[in-house]
Amino acid sequence: MQKAAPYIDSFVVIIALASGLLHPSFTVFYQSVVILFVSISVPLFALAFVTYRYTESHSQRIQGKRKKPAPIAKEAFGTARAALIVSCMAAWPMGLYKLGYPTGMAWTLEEMGITWWMALLQIYGGIMLIDAMTYWKHRLLHTKLFFPFHKHHHTFRDPTPFAGFAVGPVETVLTFWPLLLIIIPEAKHFAPLYFTAIISFVLLNLYLHSGIHSKLLEAILPKILLNSSAWHNIHHSDVNANFGEVSYFWDKVCKTTLADMKAKKKVAATS
Ligand SMILES: [Zn+2]
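In this report, we go over the structure that sits alongside the text. (Residues numbered from 1 in each chain as written. Predicted model: local features only at pLDDT ≥ 70, side-chain atom pairs only at ≥ 80, totals over all residues.)

**Things to note about helix 2 (residues 26-56)**
Inference 1: With 31 residues, helix 2 ought to run about 45 Å at 1.5 Å a step, and its terminal C-alpha atoms sit 43 Å apart, in line with that.
Inference 2: The inward-facing, buried residues of helix 2 abut helix 3 (72-98) and helix 7 (191-208). (Helix = DSSP H or I, 4+ residues; strand = E, 2+ residues; numbered from the N terminus. Expected span 1.5 Å × (residues − 1). Contact = placed C-beta atoms within 7 Å.)

Structure follows, in structure tokens:
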């Protein structure tokens, strides 16, 4: 798999781009890809740049002072490639929406046919499901067979915010495929909460890869079951611990926190 992975990754990029030829209107599809790519990348890189400038000069970096400069060009390339694949996936429902086809995107509660409380409950349930899915996907990517598709993200031992979405093409699809669910008209997504959740996830991810910890955020995030920078940084420095991508819930349940992994190693060494 080690040798085949780069080819499979390149194939995924080609398929994502070529899939537009099957869209009811490939002009609308590729226009949507451009619009999505620009609207994802420009704010994402602007935010990453501001956070990077601030965090690199921070006196208390989690992993201490850097010995060599961070590979930000490689990080940015990985993030831009992931943004392109996400744009291709999201261009499917966006293109269909523009052409007037029914999709799962609803902008009002009337369209959803539910109340505010139900919408909040739905988005909460959705976040829980995404957290479970990304945890098990991440565990799968740390198996010997699948690690070649994940190792790109682990070339950044002390990441900068540019590495927030620097994952390989196969991993991008495994993470973001639920975007395609919007194509199904019956799979109703309440747009105002859906986009708020996506933007919050992007902001959280920038913080998770910032390399520093904010006292305030470290006090708040764990209390609402969310990952923090101090928590996720351990996944980059120690690799085989803290796999949760949204919450640390499954790490606690499955005993894959750093302390659990160290204890397991100790037992294995003494037995
Ligand atoms: Zn990992």
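**Examining the nonpolar core**
Nonpolar side chains tend to gather and get buried jointly when the protein is soluble and globular.
Inference 1: Residues Ile85, Met89 and Ala91 are the most contacted members of the largest nonpolar core, which totals 39 residues.
Inference 2: Secondary structure elements with two or more residues in this core: helix 2, helix 3 and helix 7.
Inference 3: A total of 14 residues in this core trace back to one element, the largest contributor, which is helix 3.
Inference 4: Apart from residues lying up to four places away in sequence, Met89 is in contact with Ala16, Phe176, Leu179 and Leu180. (Core = buried A, V, L, I, M, F, W, Y, C linked by C-beta atoms within 7 Å. Buried ≥ 20, exposed ≤ 12 C-beta atoms within 10 Å, placed from the backbone.)

**Things to note about the packing of helix 1 (residues 5-18) against helix 3**
Inference 1: Between helix 1 and helix 3, the least distance of the axes is 9 Å, while the angle of their chain directions is 35 degrees. For helix 1 against helix 3, the interelement crossing comes out left-handed. For the pair formed by helix 1 and helix 3, the contact residues are Val13, Ala16 and Leu17 on the first element and Arg81, Ile85, Cys88 and Met89 on the second.
Inference 2: Looking at the contact of helix 1 with helix 3 residue by residue, the classes come out as six nonpolar, no polar and one charged. (Axes fitted to C-alpha atoms, helices over the stretch in contact; angles between N-to-C directions. Left-handed = near helix turned anticlockwise from the far one by under 90°. Nonpolar A, V, L, I, M, F, W, Y, C, P; charged D, E, K, R; others polar.)

**What about the environment of Leu21?**
Inference 1: When you line up the elements, Leu21 lands in the loop between helix 1 and helix 2.
Inference 2: Between the C-alpha atoms of Leu21 and Glu186, which are 165 residues apart in sequence, the distance is 25 Å.

Purely geometric stuff here, so don't read any function into it on its own.
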